[in-house]
Amino acid sequence: MFEIRVICDPADTDRVTTALTTTFATGNVRRYPTRDGKRTRLYLTADHRPTPADWPTPEQAYAGAPSINSEIGWISHSLADAECFTELDREFYLRKAALLDRIALLDEPDAPDGDATETAQAAAVFLLDMDQPGAICDPRAYVRQQYVHTLTDCQ
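Residues numbered from 1 in each chain as written. Predicted model: local features only at pLDDT ≥ 70, side-chain atom pairs only at ≥ 80, totals over all residues. Heavy atoms only, no water.

Quick look at the packing of aromatic side chains now. One pass over the structure, following the stated rule, counts six aromatic pairs. Ring centres 5.9 Å apart and planes at 65 degrees place the aromatic pair Tyr 32 and Tyr 43 in the edge-to-face group. One end of the pair, Tyr 32, is in strand β3 (residues 30-33); the other, Tyr 43, is in strand β4 (residues 40-48), and 11 residues separate them in sequence. The buried category is assigned to Tyr 43, whose relative accessible area is 17%. Taking 5.0 Å as the distance between ring centres and 50 degrees as the angle between the ring planes, the aromatic pair formed by Tyr 93 and Phe 126 counts as tilted. (Phe/Tyr/Trp six-rings, centres within 6.5 Å; stacked < 30°, edge-to-face > 60°. Helix = DSSP H or I, 4+ residues; strand = E, 2+ residues; numbered from the N terminus. Buried < 20%, exposed > 50% of the residue type's maximum accessible area, 1.4 Å probe, protein only.)

For the rest of this paragraph, the subject is the nonpolar core. Tyr 62, Leu 94, Leu 127, Val 143 and Tyr 147 are the most contacted members of the largest nonpolar core, which totals 25 residues. Mapped by element, the contributors of at least two residues to this core are α4 (90-107), α5 (115-131) and α6 (139-151). Per element, the largest residue contribution to this core is eight residues, and it comes from α4. Among all residues touching Leu 94, those that are not within four sequence positions of it are Leu 127, Val 143, Gln 146, Tyr 147, Thr 150 and Leu 151. In terms of nonpolar packing, the next biggest core, distinct from the first, is built from eight residues, Ile 4, Val 6, Leu 20 and Leu 42 among them. (Core = buried A, V, L, I, M, F, W, Y, C linked by side-chain atoms within 4.5 Å. Contact = heavy atoms within 4.5 Å.)

Following this line, the structure appears as structure tokens:
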């Protein structure tokens, strides 16, 4: 990850921002006027775009995964055994995010912007922020990658 700073004419800010976000995986762009007020300073956090080969497909990630019903049972059991206001371990949040991703994948052909997709995205963002605050990548792809690396032997 790296920080980019650009000083440009205010009329060019949209064109420069578009070029950067197309080339890199970026965070929010922060805009400030220069001291003389004639130009604009742009700051953004960026990272190289991962190639699609860097991320497992859903089929690869969940090939050996327990059934969705089994994972719902595991999540429910983990929650039932935890005391109130207890932060659960990373495995819980990873398995929950993967479960929600799998449910969203089933729902997306019919409702690509539905509640299941939104919930899966939120759980994935939570896990990504927990693991790597400020990282820039597709959160659901990150969940799949972590599931493969961490839980492929999990049953």
